[in-house]
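# Observations on the three-dimensional arrangement
For reference, the chains in residue letters:
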Amino acid sequence: MSYTIMYGRQFVKTLRGIIPLALYGSNNLTVSDGRAKGEVCRCWSIYAGEGVEFTPEEYMNMVNSWCGKGNRQHFMMHGRWIDDNGLIAWAKNGIKKAATVEEIKRHFPEQILEGHICIFDNVSYNSKHVNQAYFSSTVALETWLDEAYVRVKELAAEKPDSTVIIEVCFFGRDSFAVFK
């Protein structure tokens, strides 16, 4: 049985809301690059159904919509299953501890926040990243996001056989301390 393992979380606070980033991976996908053979593959990614930025209320509404249906075990974290109540607490805590790009850089100067547009060809299953950027300020992130929203619509119209999404993530596969 495949399930998600959650390793970390750091929501990014913008002037418009939050970007819910989490470090997670599937238990049945492993890395075999010579360094960490057999280690679970994981990456930083937006933890939401669709979308990038949310108001706290919008995100909590989305999280609540995932609860009370079928299997109520959402992911494994610290060796135990996270149920509906745990997921809601996890999301609320992420919102509470959300930090701006500047706050993250001040506490973790080596951490890099990256954004790009991913074009996934639904026919050939190939993907490519365009409009890649790195952010050192919240204003730079929001400016790039505004441009990316427009570019995604253009690319979706140009490439009807593709799925085009905005991805925001921290660079690397390691967790870093979150704000207390």
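Let me sum up the structure you'll find in this document.

Basis of the calculations
- Counting of residues starts from 1 at the beginning of each chain's written sequence and follows it residue by residue.
- Two thresholds apply to this predicted model, a pLDDT of at least 70 for residue-level local features and 80 or more for giving and counting side-chain atom pairs, whereas whole-chain, interface and lining totals are computed over all residues.
- To obtain the side-chain values, all non-hydrogen atoms of the structure were included, while hydrogens and water were left out.
- By the convention used here, strands pair only if DSSP detects at least 2 bridges between them.
- Only DSSP runs of H or I with at least four residues qualify as helices, and only runs of E with at least two residues qualify as strands; both kinds are numbered from the N terminus onward.
- For helices, the axis comes from a line fit to the C-alpha atoms of the stretch in contact; other axes are also lines fit to C-alpha atoms, and the angle between any two N-to-C directions lies between 0 and 180 degrees.
- Throughout, a contact is declared for two residues whenever any of their heavy atoms are within 4.5 Å.
- Contacts described as polar in this section are N or O atom pairs within 3.5 Å, which, within protein, must combine one atom able to donate a hydrogen with one able to accept it, while residues neighboring in sequence count only if both atoms come from side chains.

Here we take up the pairing of strand β11 (residues 127–135). With seven bridges connecting them, strand β10 (residues 113–121) and β11 associate as antiparallel partners. For F120, the partnering residue across the bridge sits in β11 and is S127. Counted along the chain from β10 to the antiparallel partner β11, the turn is five residues long, and its residue Y125 has a positive phi close to 65°.

Let us look at the sheet that holds strand β12 (residues 162–170). In a beta sheet, neighbouring strands pair by backbone hydrogen bonds and run either parallel or antiparallel. One open sheet holds the three strands; their spatial order is β11-β10-β12, and the pairing between them is antiparallel. Two strands bound the open sheet, and with one partner strand each, they are β11 and β12. If you compare each strand with its neighbour and ignore which way they point, the axes differ by 15° on average. In this sheet, β12 lies alongside β10 in antiparallel orientation, the contact comprising nine bridges. Directly across from C118, in β12, lies its bridge partner I165. Contacts between helix α4 (residues 138–158) and the sheet are confined to β10, β11 and β12, with β12 contributing the most and set at about 165° to the helix.

Time to look at the environment of K96. Its location among the elements puts K96 in helix α2 (residues 84–96). Sequence separation of K96 and F11 is 85 residues, and the distance between their C-alpha atoms is 8.9 Å.

Its identity as a non-glycine residue notwithstanding, H78 has a phi of 55°, on the positive side. Of note, H78 is situated in the loop between β8 (75–77) and β9 (80–82). For N131, which is not a glycine, the phi torsion comes out positive at approximately 55°. Among the secondary structure elements, N131 is positioned in strand β11.

Along the polypeptide, E53 turns up in the loop between β7 (43–46) and α1 (56–65). Side-chain polar atoms of E53 contact the side chain of R16, separated by 3.1 Å. Polar contacts involving the side chain of E53 include one to the side chain of Y149, which spans 2.7 Å. Not counting chain neighbours up to four residues away, the residues in contact with E53 comprise T14, R16, I18, I19, E58, E142, L145 and Y149.

This part covers the sheet that holds strand β4 (residues 21–26). Pairing in this open sheet of five strands is mixed, and the strands run β7-β4-β1-β8-β9 from one edge to the other. At either margin of the open sheet sits one strand with a lone partner, and together these are β7 and β9. Averaged over neighbouring strand pairs, the angle between their axes works out to 45° when direction is ignored. Across five bridges, strand β1 (residues 4–9) lies against β4 in antiparallel orientation. Within the sheet, the bridge partner assigned to T4 lies in β4 and is S26. Its contacts with the sheet put α2 on β1, β4, β8 and β9, and the angle it makes with β1 is roughly 25°.

These figures come from the coordinates and say nothing about function on their own.
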